[in-house]
Amino acid sequence: MPIDAAPTPPRRYALQSLFGPGQEGMVSHTPHAAYLGIRVVETGPAFGVCALPFREELIGDPRRRVIFGGAITTLIDHASGLAVACAVEKLTAIATIDLRVDYLRAAEPDLELCARADCYRLTRNVAFVRAVAWDRSADDPFASALGTFMLGANRGEAGVAALVRDKRDVQE
Amino acid sequence: MNRIVDLIPYARFLGVEVERTEGALECILPFRDELVGNASLPAVHGGVLGAFLELTALLHLMDDSGNERVPKPITFSIDYLRSAGPATTRARAEIFKLGRRVANVRVVAWQDDRRRPVVAGNGKFLLS
């Protein structure tokens, strides 16, 4: 590095503290996540971990008592949105462009399911996310996923701005 | 026709109904506040739409085969085309390859206008 080069400023992650464990913003703003009982387990720079408690109503295959794939999609979509929120420097509206989920094996019945999403690349308009979901151990996932998200999708802006405003009021 | 919906607890949880329209199986997702993902628009949760598409594909396969065994999803991929507002969403699936072991299915969902889809999906299922 040339001697006169300015040091790179540390990256700012605006939302980690807003949406971390015990903060309800990410769930209360999303009625369906609250309905499913999704909670935030952990957040950090550009990643988020969410959990979905097992419920009989979520079963997709009664013979095997396996949770329906689509419920896992919701968990992964939610964790992915959280990862993007924890990756951007300033809160903006986030809209899913696409999401692909691979079902590696059946999830075990009666266990809480977890998903971790990492926003591995952020551009001005698009965020790229990969995610895994597991039941017993993060080393043995039953699903993996890839998603892309649009940043600054303008119709959602007002709502997100209001959410940030609420948050700021609480924090100050 | 709604009997196959009753076989899947998650389908009842979402409140999905099934109709046969113009000879095609059509799945219906009536709007409810519990399905909202973004409270400020409001818009149906992306995960719910993905699940609804996957369910439509699954019910279509079960209806087509007359088998009550639920096919296993291998992979499902979703394109979000428009925000889905507080209205009824409808979906239709099409099997474009039915192999001995794997079925390839496409699904499209719309709200008031079939020509303006809100979400589209593409899934591969293992037939047991």
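Above this text sits the structure in question.
In short, a report on the structure. (Residues numbered from 1 in each chain as written. Chains lettered and ligands numbered in written order. Predicted model: local features only at pLDDT ≥ 70, side-chain atom pairs only at ≥ 80, totals over all residues. Heavy atoms only, no water.)

**Overview of the overall build of chain A**
Stage number 1. In terms of helices and strands, chain A carries five helices and eight strands.
Stage number 2. Along the chain direction, N to C, the helices and strands of chain A fall in the order α-α-α-β-β-β-β-α-β-β-β-β-α.
Stage number 3. Across the 172 residues in chain A, those meeting the buried criterion constitute 49%.
Stage number 4. Contacts in chain A between residues at least 24 apart in sequence constitute 64% of all its contacts with a sequence separation of at least 6.
Stage number 5. Total accessible area computed for chain A in this model is approximately 8400 Å², and 53% of it derives from carbon and sulfur atoms. (Helix = DSSP H or I, 4+ residues; strand = E, 2+ residues; numbered from the N terminus. Buried < 20%, exposed > 50% of the residue type's maximum accessible area, 1.4 Å probe, protein only. Contact = heavy atoms within 4.5 Å. Areas by Shrake-Rupley, 256 points an atom, 1.4 Å probe, with all protein chains shown as cover.)

**Concerning a nonpolar patch on the surface**
Residues and elements named next belong to chain B.
Stage number 1. A contiguous nonpolar surface patch, about 180 Å² in accessible area, is contributed by Ile74, Val102 and Leu126.
Stage number 2. Looking at where isoleucine 74 falls in the secondary structure, it is placed in strand β5 (residues 72-80).
Stage number 3. Assessed through its relative accessible area of 32%, isoleucine 74 is described here as partly exposed. (Patch = residues over 30% accessible without salt bridge, like charges linked within 9 Å, V, L, I, M, F, W, Y side chains within 5 Å. Salt bridge = Lys/Arg side-chain N within 4 Å of Asp/Glu carboxyl O.)

**Here we look at the layout of surface pockets**
Take a probe with the size of a water molecule and roll it over the atoms, and the empty space left behind shows itself.
Stage number 1. The calculated volume of the second largest pocket comes to roughly 290 Å³.
Stage number 2. Arg64, Val66 and Tyr103 of chain A together with Lys72 and Pro73 of chain B are the residues nearest the centre of the second largest pocket, which is lined by 22 residues in total.
Stage number 3. Counting residues per element, the ones that place at least two in the lining of the second largest pocket are β3 (59-61), β4 (66-67) and α4 (69-85) of chain A together with α3 (46-65) and β5 of chain B.
Stage number 4. Ranked by residue count, the leading element in the lining of the second largest pocket is β5 of chain B, at three residues.
Stage number 5. The class makeup of the residues in the lining of the second largest pocket is 15 nonpolar, two polar and five charged. (1 Å grid on protein atoms, 1.4 Å probe; cavity = no way out; pocket = protein on both sides within 12 Å on 5 of 7 lines; lining within 4 Å. Points joined across faces, edges and corners; volume = space filled by probe spheres on them. Nonpolar A, V, L, I, M, F, W, Y, C, P; charged D, E, K, R; others polar.)

**Brief notes about the packing of α4 of chain A against α3 of chain B**
Stage number 1. Where α4 of chain A contacts α3 of chain B, the two axes come as close as 8 Å, and the packing angle between them is 155 degrees. The angle between α4 of chain A and α3 of chain B places the two elements in the roughly antiparallel class. The handedness of the crossing between α4 of chain A and α3 of chain B comes out as right-handed. Contacts between α4 of chain A and α3 of chain B involve Gly69, Gly70, Ala71, Thr73, Thr74 and Asp77 of chain A from the first element and Gly46, Gly47, Val48, Ala51 and Glu54 of chain B from the second. (Axes fitted to C-alpha atoms, helices over the stretch in contact; angles between N-to-C directions. Parallel < 35°, antiparallel > 145°, perpendicular 65-115°, else oblique. Left-handed = near helix turned anticlockwise from the far one by under 90°.)

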